[in-house]
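One-letter residues, chain by chain:
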Amino acid sequence: MLRELREYTVDLHIHTVLSPCGGLDMGAPDIVERAIASGIHCIAITDHNSCGNVRALMDAAKGKPLVVLPGLEVQTEEDIHVVTVFPSLGAAEVFEKWLRKAFLPIPNEPEIFGEQLFIDSENGIVGEEEILLVHGVGYSVDQVIDQVHEQGGFAILAHVDRASFSYVAVLGEIPEDLSVDGIELSRRLSSREAESWRERLPKRTVVRSSDSHSLESLRIENCSSMLLEKPCFEEVFLALKQEKGRRVLWPWANEGGEIS
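Please read all numbers here as calculations on a predicted model, not as lab measurements. (Residues numbered from 1 in each chain as written. Predicted model: local features only at pLDDT ≥ 70, side-chain atom pairs only at ≥ 80, totals over all residues. Heavy atoms only, no water.)

## Details of helix 8 (residues 233-241)
Among the 9 residues that make up helix 8, 7 are buried, leaving the element largely enclosed by the rest of the structure. Buried residues of helix 8: Phe 233, Glu 235, Val 236, Phe 237, Leu 238, Ala 239 and Leu 240, and no others. Following helix 8 by one or two positions, Gln 242 adopts a phi angle in the positive range, close to 55°. (Buried < 20%, exposed > 50% of the residue type's maximum accessible area, 1.4 Å probe, protein only. Helix = DSSP H or I, 4+ residues; strand = E, 2+ residues; numbered from the N terminus.)

## Section: the environment of Arg 6
With respect to the secondary-structure elements, Arg 6 resides in strand 1 (residues 6-14). Judged by its relative accessible area of 42%, Arg 6 is partly exposed. Taking the C-alpha atoms as reference, Arg 6 lies 28 Å from Ala 92; in sequence the two are 86 residues apart.

## Examining the nonpolar core
By size, the foremost hydrophobic cluster in this structure holds 62 residues, and its most contacted members are Ile 43, Phe 95, Leu 99, Leu 157, Ile 174 and Leu 185. By residue number, the principal contributor to this core is helix 3 (residues 89-100), which donates 6 residues. Setting aside residues up to four positions removed in sequence, Leu 99 forms contacts with Asn 49, Leu 72, Val 74, Val 137 and Tyr 139. Of all hydrophobic cores here, the second largest spans 20 residues; its members include Leu 69, Val 85, Ile 156 and Leu 228. (Core = buried A, V, L, I, M, F, W, Y, C linked by side-chain atoms within 4.5 Å. Contact = heavy atoms within 4.5 Å.)

## Observations concerning the packing of aromatic side chains
For the structure shown, the criterion picks out 7 aromatic pairs. Taking the centre distance of 5.3 Å and the plane angle of 50° together, the rings of Phe 154 and Phe 237 count as tilted. With Phe 154 in strand 7 (residues 154-157) and Phe 237 in helix 8, the pair connects residues that are 83 residues apart, well separated along the chain. Among the aromatic residues, those joined into a cluster by ring pairs are Phe 86, Phe 95, Trp 98 and Tyr 139. Sitting over the face of the ring of Trp 252, Arg 208 holds its NZ or CZ atom 4.4 Å from the ring centroid. (Phe/Tyr/Trp six-rings, centres within 6.5 Å; stacked < 30°, edge-to-face > 60°. Lys NZ or Arg CZ within 6 Å of the ring centre and 35° of its normal.)

## So, the pattern of salt bridges
Applying the stated criterion to the full structure yields 12 salt bridges. In this structure, Glu 96 engages Arg 100 in a salt bridge whose closest nitrogen and oxygen atoms are separated by 2.8 Å. In this pair, Glu 96 and Arg 100 both sit in helix 3, 4 residues apart, roughly one turn of the helix. Arg 100 sits in the partly exposed class, given a relative accessible area of 29%. One network of salt bridges, with partners in common, ties together Glu 96, Arg 100 and Glu 129. (Salt bridge = Lys/Arg side-chain N within 4 Å of Asp/Glu carboxyl O.)

Have a look at this one:
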């Protein structure tokens, strides 16, 4: 029996106060309220190399019209950023445990890099990460992608159009056999610039995410629209794979592009 698909707005790249570069306005209830007010249906929390604040966001969203997916933004040994998203917080925590085996023991210096705060659902501070999170871990991009898939998650190359921390800037063209599940373009691109990337990567699913480090950028126009049965991990993954009618609509369609 065919089930009705409808359009949902999804943002797969959001930071909290755990990321040292995240603004102090990126607390749990604040992100949830902002996303709902903006008309966003599903978000992924992807702090740098840690999923430590995902539970706070999930708890803050309980009973509200917002789905929170657990994730991390990994910085690989090549200094490439990869957005990773998982079907459960447990799977994300197993992945983070694996990731920490290759952490450099660099202490954070809050006065230089910013605070790295663990919070609860009401923004109570419950701890602080002492190891600096914004550094490359000792795994390659291929190893990270493989381990994400081992935990049932999906991996997206972050902001590939950027001149730093992107696959293209570091290693050049993306190989056809790289088993990544999606490509993220920066929200700052014009529709014409985005279209050129689409032509460059015709076989890849392209998403736009806010990469929010402050509430100001957490807006519906910085997200992706997807045809889903409902907003959840399984449906988003199907959309990235363009299976069973699920798909990602071309993120720049509202700027004059065509919906794919």
